[in-house]
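Descriptive structure summary
These are the residues of each chain, in order.
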Amino acid sequence: MLVSASTRIIITSILVACTHNIITVIHQKTKVRSKRHIPSADEYANTTEHEIKAWSLSKFITAYQASKATTAELQELQGCEFEAIGLLNGAHRYVPLAPLFADYMFGPGVWLGKGFDDSGLGYNVFKGQSEDGKLRSRRFRYKLQPSFFGPGDAVGLNYSDFNGDLLTNGMRDEVRKLNAKVYLGLGSYQLFGGMWNPAPFLVRVSDLPKKSFRVRPLEQAGREGWYIAHLRIGGYGGDTTEIESATQTHVDGKAPPGGRDEL
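Residues numbered from 1 in each chain as written. Predicted model: local features only at pLDDT ≥ 70, side-chain atom pairs only at ≥ 80, totals over all residues. Heavy atoms only, no water.

Turning next to the pattern of salt bridges. Applying the stated criterion across every chain, the model contains nine salt bridges. Linking Glu49 and Arg204 is a salt bridge whose minimum nitrogen-to-oxygen distance equals 2.7 Å. Separated by 155 residues along the polypeptide, Glu49 in helix H2 (residues 49-54) and Arg204 in strand S8 (residues 199-204) bring together distant segments of the chain. As a salt-bridge pair, Asp132 and Arg136 come within 2.7 Å of each other at their nearest N and O atoms. (Salt bridge = Lys/Arg side-chain N within 4 Å of Asp/Glu carboxyl O. Helix = DSSP H or I, 4+ residues; strand = E, 2+ residues; numbered from the N terminus.)

Now the structure itself:
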């Protein structure tokens, strides 16, 4: 079968970008193992979002390795919903696959952020048709765990329990606090090399966060139950987060009794 010149260029560009990212990660992990200098988190206290967007992937991972993830950072995320944006550091600037997948394949609309309830479960936020203009889907479990990039722990977001399709099977994110304004994140799609080919993003924590919705545990989540912003469970990508809120609509068209549940 003949492959057009444009298709060959696209495939080659993707392979080159992925290879560049993998080499960068290997180099950064080697720096940690050899105990070469990693900057102090204090050096990034005044780093702005604009500066982060201009970093190379290597500089982003260096800053990530200097960032923190302890029980204090975990508790800061719990019970809150935050804005987030995907970044184009390194080769992602030239082959922006990760943002395209996040916006058009991972979720039902443009990716806007993440929510963390107080039970160790969370969800992603997407642009969509609802009362607040958002859809909440793609659940995950989160906890402190050893970082793939080191050194120390990160807040790990694990998707496998709730998502089993080709794109999200084995998917995992990590986040660490850089400063009072942002958390740095590194996401992965197993299909494209996992954490060896990470997709950088940031979570904004400087603005007053919204209270997160409650996510039902997997063992309590049935095929029938709550709509999320009028999108039925299982109606997109095999997963739609169940939330309990008077602003949402139940499958029988009635609002949940008693108003919004407390977290």
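Back to the text.
Formed by 24 residues in total, the largest nonpolar core has its most connected members in Val155 and Leu157. Sorting the residues of this core by element identifies helix H4 (71-77), strand S1 (80-86), helix H5 (97-106), strand S2 (111-116), strand S4 (134-146), strand S5 (153-158) and S8 as the ones contributing at least two each. Formed by 20 residues, the second largest nonpolar core is a distinct cluster that contains Val25, Phe60, Leu186 and Met195. (Core = buried A, V, L, I, M, F, W, Y, C linked by side-chain atoms within 4.5 Å. Buried < 20%, exposed > 50% of the residue type's maximum accessible area, 1.4 Å probe, protein only.)

Moving on: the packing of aromatic side chains. Per the counting criterion, the structure on display carries eleven aromatic pairs. On the basis of an interplanar angle of 80° and a centroid distance of 5.8 Å, the ring pair of Tyr64 and Phe149 is categorised as edge-to-face. Note that Tyr64 is positioned in helix H3 (residues 57-66) and Phe149 in the loop between S4 and S5, a separation of 85 residues in sequence. Take Tyr64 and Phe149: they sit in the same class, and that class is buried. Between Phe148 and Phe149 the ring centres are 5.1 Å apart and the planes differ by 80°, which places this aromatic pair in the edge-to-face class. (Phe/Tyr/Trp six-rings, centres within 6.5 Å; stacked < 30°, edge-to-face > 60°.)

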